[in-house]
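The lines below spell out each chain.
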Amino acid sequence: MPKTERIGVTSHRVLNFIDDGFIKIENAFSTHLSEQCRDELWADIGLSPHEPESWTQPVIRVGSKTSPPFIEAANRPILHEAYDQLAGDRRWIAPNALGTFPVRFPSPESPGDVGWHVDMSFGFDNPDFMQWRLNVKSSGRALLMLFLFSGVGPEDAPTKIRKGSHATIARELLPYGDAGATLEQISANGYASTEDCDVELAIGAAGTVYLCHPFLVHAAQPHRGKRPRFMAQPPLLPTGEFDPALPPSPVQIAIRRACGLTL
């Protein structure tokens, strides 16, 4: 194991990341930053927090945000430390944007996007998103991240996470090699191989960040609470491919253990 006794993520929590596929970091950024970011998002979608009668859609999506509050939220020292500890020292690119934002509203309607899935990481030039790709080296993605810009409780459409599912996906990707599998291929069985995983909800106060293994199976769900949920789900981008000359990061260790490879 790499040395990990540093501010932000203890060695015990790094082991949790390897085993479970995610860790939760509370107070990763301030309440003030959360409020600034929410104000911008409200302006972007043309709605008001004080006019719930106008919240007629279950979800409204906002793309990438590059304004200073979002950049500051993504680059707090505690997060930079955690990026180093999970993805490898400086083997990631400091975020210069955050997105996308599925802003979810209380609604009896289905948002239509609640299926279990794994985020793809390359091949985005193909116009058919079912042909986007993911490989066992996780080319193009160092981490999956969930940034909570509003408080999220159990009824507020928290993202559902299949604990430990990243190991199953790693084993399923191994036969595809560097070329990887398409979304169509990896989702053909509806992720039935991960159905027995315990489910955890990505809940927390505004300013909470979940740092997740790129292969983690997760899903959205309808909003049954009272206040809209503001969250970003950006990737952490790598500086390049895994380098076998460097000590393996916890992201790599999780993959190697799942596939029975020598560390």
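Keep in mind that this is a model prediction, so the values were computed, not measured.

Chemist: Lay out the side chain of T208 in plain terms, naming residues and giving numbers.
Modeler: Here T208 is to be found in the loop between β8 (199-201) and β9 (209-212). The class for T208 is buried, based on a relative accessible area of 1%. A polar contact of 2.8 Å, which involves the side chain of T208, links it to the backbone oxygen of A205. Setting aside its immediate chain neighbours within four residues, T208 contacts K24, I25, E26, F29, L146, F147, L148 and I203.

Chemist: Run through the packing of helix α5 (residues 165-173) against helix α7 (residues 250-259), naming residues and quoting values.
Modeler: Relative orientation of the contacting elements α5 and α7 amounts to 65 degrees, with a least axis distance of 8 Å. Classified by the interaxial angle, the pair formed by α5 and α7 is roughly perpendicular. In the crossing of α5 with α7, the sense of the turn from one axis to the other is right-handed. Contacts between α5 and α7 involve H166, A167, A170 and R171 from the former and A254, I255, A258 and C259 from the latter. For the contact of α5 with α7, the residue count by class is six nonpolar, one polar and one charged.

Chemist: Describe the packing of aromatic side chains, with residues and values.
Modeler: For the coordinates displayed, the defined rule picks out 14 aromatic pairs. An angle of 25 degrees between the planes, with centres 6.0 Å apart, marks the rings of F29 and F147 as stacked. A residue pair is termed long-range when its members are at least 10 positions apart, and F29 in the loop between β1 (22-25) and α2 (31-45) and F147 in strand β5 (residues 143-148) qualify at 118 residues. The exposure class of F147 is buried, given its relative accessible area of 0%. Residues F101 and F149 carry aromatic rings whose centres are separated by 6.0 Å and whose planes lie at 45 degrees to one another, so their mutual orientation is tilted. Taken together, the positions of F101 in strand β3 (residues 101-104) and F149 in the loop between β5 and β6 (160-162) put the pair 48 residues apart, joining distant regions of the chain. For F101, a relative accessible area of 0% translates into the label buried. The class for F149 is buried, based on a relative accessible area of 0%. Among the aromatic residues, ring-to-ring pairing joins F29, F70, F101, F147 and F149 into one connected group. Lying across the ring of W116, R162 places its NZ or CZ 4.0 Å from the centre.

What counts as what
- Residues numbered from 1 in each chain as written.
- Predicted model: local features only at pLDDT ≥ 70, side-chain atom pairs only at ≥ 80, totals over all residues.
- Heavy atoms only, no water.
- Helix = DSSP H or I, 4+ residues; strand = E, 2+ residues; numbered from the N terminus.
- Buried < 20%, exposed > 50% of the residue type's maximum accessible area, 1.4 Å probe, protein only.
- Polar contact = N/O pair within 3.5 Å; in protein donor to acceptor, adjacent residues only side chain to side chain.
- Contact = heavy atoms within 4.5 Å.
- Axes fitted to C-alpha atoms, helices over the stretch in contact; angles between N-to-C directions.
- Parallel < 35°, antiparallel > 145°, perpendicular 65-115°, else oblique.
- Left-handed = near helix turned anticlockwise from the far one by under 90°.
- Nonpolar A, V, L, I, M, F, W, Y, C, P; charged D, E, K, R; others polar.
- Phe/Tyr/Trp six-rings, centres within 6.5 Å; stacked < 30°, edge-to-face > 60°.
- Lys NZ or Arg CZ within 6 Å of the ring centre and 35° of its normal.

It is worth stressing that arrangement in space is one thing and function is another; only the former is reported here.
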